[in-house]
Amino acid sequence: MNSSRLIAFESFHSAILNNNRELFVYLPPSYDSDPDARYPVLYMHDGQHVFHKDRKGESWDVHLTVDRLVAEGRMREIIVVAVAHVEDARIAEYMHASPDGHDVFGMTNQGELYELFLLREVKPFIDRKYRTLPDKEHTALMGSSAGGLVSYNIGFRHPDTFGMIGALCPFFVSVDPATMEERWLSRVYTEKQDLKIWMDVGDSEGYTVMEKHVRHVADTLIRAGFQPGVDLMFHVAIGSGHSQRDWAARVHAPLLYFFGGIGKPVRAELHGPAVIGLEGPRRALNPVVHYDSGFMVTDLNAHYVADDPGIVEASADGKLLPKRTGSTKITYNGSAVTACHELAVVPHVPATVPVEMYVKVPEGTPPADKLYAGIELPLLREGWYGGTFEVPRDVSFVFRISRGLGRHEVDARGREVPYRTFTADGRQVLHYEVEDWIDTASERLSG
């Protein structure tokens, strides 16, 4: 029986960007046995984590997911091209010109050049070397975080080349945790294009990517003419943070949407706040519909019924309109599935809550002015980081404590530790202790 295989190009040169990087190519099981077959192509950013893991990140294991879905008959065979980033250039290459005309993060934006690199160097190389279906209807582009942002930008700038765009946790806005100042990193497109779009966000990403920003872009797409459930699939992933582990857990959904069948709905879950205020932040429901294929999506064109509509109503896109204080049940009625959620309306809900967080680090920790624990923590004194922070209410965080990319916490034996999590649903004091760091443990163990 034939199996899929991975091919690595270790030093793919770009004359446009004047650098080299790895390309990884997944070929489907039938590629060598059926010489007349041609295949759709999925291009993915951050390619070193598409099929593999390393010290700086886990793997999406896309090859395993594609193999499984193909074997189950849920999607057609495809070629996957994973374009690795160049570490020091990643953010610059994934950023197009910003709305305010300034470069971001202290480097020159090169998104337009990276775009040309894909269009003029990578895609022509792949189309020459492999039996592809090169038209837009069979060509997808997908990435996460800044890779999700650059996929969104390239898709709208070149809908004649890429007909399917996967933007997982797209990094639309940079939030300053100290001031909560928001800086949009991208133009938000308001014109309809001939694209199929998958866009999602985790509900536990903290400040890294916030649901309200991604939802704003999705709402703009709908106003432009995209139809939820048709050419736009939007999903708020419950309990999901901002890591390869999280994206690997749901990459099957855009794969089914682009290259297979999503199946039939079999159940629904209705998520939302337990309490909202007549005064306070506006909130929305998240009806997650699950399908028999494993596909899942947030329904943005739903029908809701409140037991007492005099207390609260919900619009088709899930946005809640509180009317008076009290408690009621809201029922989501979807296509053959329903779900309920209990909700209370009170006079006022504050926009933020105070969170105290303290982290003790082990002796020998390399000097650092701050740690990242969902929140940036300043150095308090030797061995201790933390402080008190005003955090947006009900924002959730899934994280491992780190000193920066590739320098996250591990246990005393250098093994990975479970992700930590908390939700800012009220005043709380959090204490954590780091046993060791992956970089220092690796150096010690290898020595």
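The structure under discussion appears in the preceding block.
First, a word on scope: everything that follows refers to the structure included in this document. (Residues numbered from 1 in each chain as written. Predicted model: local features only at pLDDT ≥ 70, side-chain atom pairs only at ≥ 80, totals over all residues. Heavy atoms only, no water.)

1. Considerations on the overall build of the protein chain
Item 1. Looking only at helices and strands, one finds eight helices and 28 strands in the protein chain.
Item 2. Relative to a compact globule of 447 residues, whose C-alpha radius of gyration would be 22 Å, the protein chain shows 23 Å and is just as compact.
Item 3. With the principal axes as the frame, the protein chain shows a C-alpha extent of 65 × 60 × 50 Å.
Item 4. When each of the 447 residues of the protein chain is scored for burial, the buried share is 55%.
Item 5. In the form shown here, the protein chain has an accessible surface area of approximately 19,300 Å², with 50% of it arising from carbon and sulfur atoms. (Helix = DSSP H or I, 4+ residues; strand = E, 2+ residues; numbered from the N terminus. Rg over C-alpha atoms; globule rule 2.2 N^0.38 Å. Buried < 20%, exposed > 50% of the residue type's maximum accessible area, 1.4 Å probe, protein only. Areas by Shrake-Rupley, 256 points an atom, 1.4 Å probe, with all protein chains shown as cover.)

2. What about the pattern of salt bridges?
Item 1. Tallied over the entire structure, the rule returns 26 salt bridges.
Item 2. Between arginine 157 and glutamate 115 there is a salt bridge, with the nearest N and O atoms lying 2.6 Å from each other. Remark: glutamate 115 occurs in helix H3 (residues 111-129) and arginine 157 occurs in helix H4 (residues 146-157); sequence separation between them is 42 residues.
Item 3. Owing to a relative accessible area of 37%, arginine 157 belongs among the partly exposed residues under this scheme.
Item 4. For glutamate 115, a relative accessible area of 3% translates into the label buried.
Item 5. Taken together, the shared-partner salt bridges connect Arg215, Asp219, Asp317 and Lys319 into one network. (Salt bridge = Lys/Arg side-chain N within 4 Å of Asp/Glu carboxyl O.)

3. Side note on the environment of lysine 370
Item 1. Here lysine 370 shows up in strand E21 (residues 370-372).
Item 2. For lysine 370, a relative accessible area of 45% gives the class partly exposed.
Item 3. Measuring from C-alpha to C-alpha, the distance between lysine 370 and arginine 403 comes to 7.1 Å, with 33 residues separating the pair along the chain.
Item 4. With residues up to four places along the chain from it excluded, the contact list for lysine 370 reads Glu376, Leu377, Pro378 and Tyr385. (Contact = heavy atoms within 4.5 Å.)

4. Here's the deal with the packing of aromatic side chains
Item 1. Inspection of every chain in the model, using the stated rule, returns 24 aromatic pairs.
Item 2. Where phenylalanine 172 meets tryptophan 184, the ring centres are 6.2 Å apart and the plane angle is 40°; that geometry is what we call tilted. Of this pair, phenylalanine 172 sits in the loop between strand E6 (164-168) and strand E7 (173-175) while tryptophan 184 sits in strand E8 (residues 182-184), placing them twelve residues apart in sequence.
Item 3. An aromatic cluster is present here, built from Phe9, Phe12, Tyr94, Tyr114, Phe117 and Phe125 joined pairwise through their rings.
Item 4. The ring of tyrosine 31 is capped by arginine 131, whose NZ or CZ atom sits 4.0 Å from the centre of that ring.
Item 5. Across the ring face of phenylalanine 226, the terminal group of lysine 192 is positioned such that the distance to the ring centre comes to 4.3 Å. (Phe/Tyr/Trp six-rings, centres within 6.5 Å; stacked < 30°, edge-to-face > 60°. Lys NZ or Arg CZ within 6 Å of the ring centre and 35° of its normal.)

5. Overview of the sheet that holds strand E23 (residues 384-392)
Item 1. Pairing is mixed in the open sheet, where five strands are placed in the order E21-E22-E23-E20-E27. Either end of the sheet is taken by a strand with one partner, and the two such strands are E21 and strand E27 (428-433). With strand direction ignored, the average angle separating the axes of adjacent strands in the sheet is 30°.
Item 2. Pairing geometry for E21 and strand E22 (residues 376-381), over three bridges, is antiparallel. Counted as the bridge partner of tyrosine 372 is glutamate 376 from E22. (Pairing = 2+ DSSP bridges. Axes fitted to C-alpha atoms, helices over the stretch in contact; angles between N-to-C directions.)

6. Here's the deal with the sheet that holds strand E3 (residues 41-44)
Item 1. Read from one edge to the other, the open sheet built from eight strands follows the order E1-E2-E4-E3-E5-E6-E9-E10, with strand pairing classed as mixed. The outermost strands of the open sheet, each flanked by one partner alone, are strand E1 (5-14) and strand E10 (232-237). Across the sheet, the axes of successive neighbouring strands diverge by a mean angle of 15°, strand direction being ignored.
Item 2. Direction of pairing for strand E5 (residues 139-144) relative to E6: parallel, over a ladder of five bridges. By the bridge assignment, glycine 143 is partnered in E6 with alanine 167.
Item 3. Where helix H7 (residues 252-259) meets the sheet, its contacts fall on E3, E5, E6, strand E9 (196-202) and E10, and the angle it forms with E9 comes to roughly 170°.

7. Quick word on the pairing of strand E4 (residues 79-83)
Item 1. Most of E4 is tucked away, with five of its five residues classed as buried.
Item 2. Every second residue of E4 is oriented toward a common face, with Ile79, Val81 and Val83 on one face and Val80 and Ala82 on the other, all of them buried.
Item 3. As judged from the four bridges shared by strand E2 (residues 19-27) and E4, these two strands associate in the antiparallel manner. The residue bridging tyrosine 26 from the neighbouring strand is valine 80, located in E4.
Item 4. Two strands pair when backbone bridges link them, and E3 and E4 are joined in this way by four bridges, in the parallel orientation. Bridge assignment links methionine 44 to a residue of E4, and that residue is alanine 82.

8. With respect to the environment of asparagine 286
Item 1. Structurally, the position occupied by asparagine 286 is in strand E13 (residues 286-291).
Item 2. Each residue touching asparagine 286, except ones within four places of it in the same chain, is listed here: Val236, Ile238, Glu269, Leu270, His271 and Thr298.
Item 3. A distance of 2.7 Å separates the side chain of asparagine 286 from the side chain of threonine 298, its partner in a polar contact. (Polar contact = N/O pair within 3.5 Å; in protein donor to acceptor, adjacent residues only side chain to side chain.)

9. Looking at unusual backbone geometry
Item 1. Although it is not a glycine, aspartate 46 sits at a positive phi angle of roughly 50°.
Item 2. Locating aspartate 46 in the fold gives a position in the loop between E3 and helix H1 (62-71).
Item 3. The class of aspartate 46 is buried, set by a relative accessible area of 10%.

10. Considerations on the side chain of histidine 45
Item 1. By the element assignment, histidine 45 lies in the loop between E3 and H1.
Item 2. Judged by relative accessible area, which is 4%, histidine 45 ranks as buried.
Item 3. Within the local environment of histidine 45, its side chain forms a polar contact with the side chain of tyrosine 114, the two groups lying 2.8 Å apart.
Item 4. With near-sequence residues (within four places) excluded, histidine 45 lies in contact with Val50, Val83, Tyr94, Tyr114, Leu118, Leu141, Met142, Gly143, Gly147, Val150 and Ser151.

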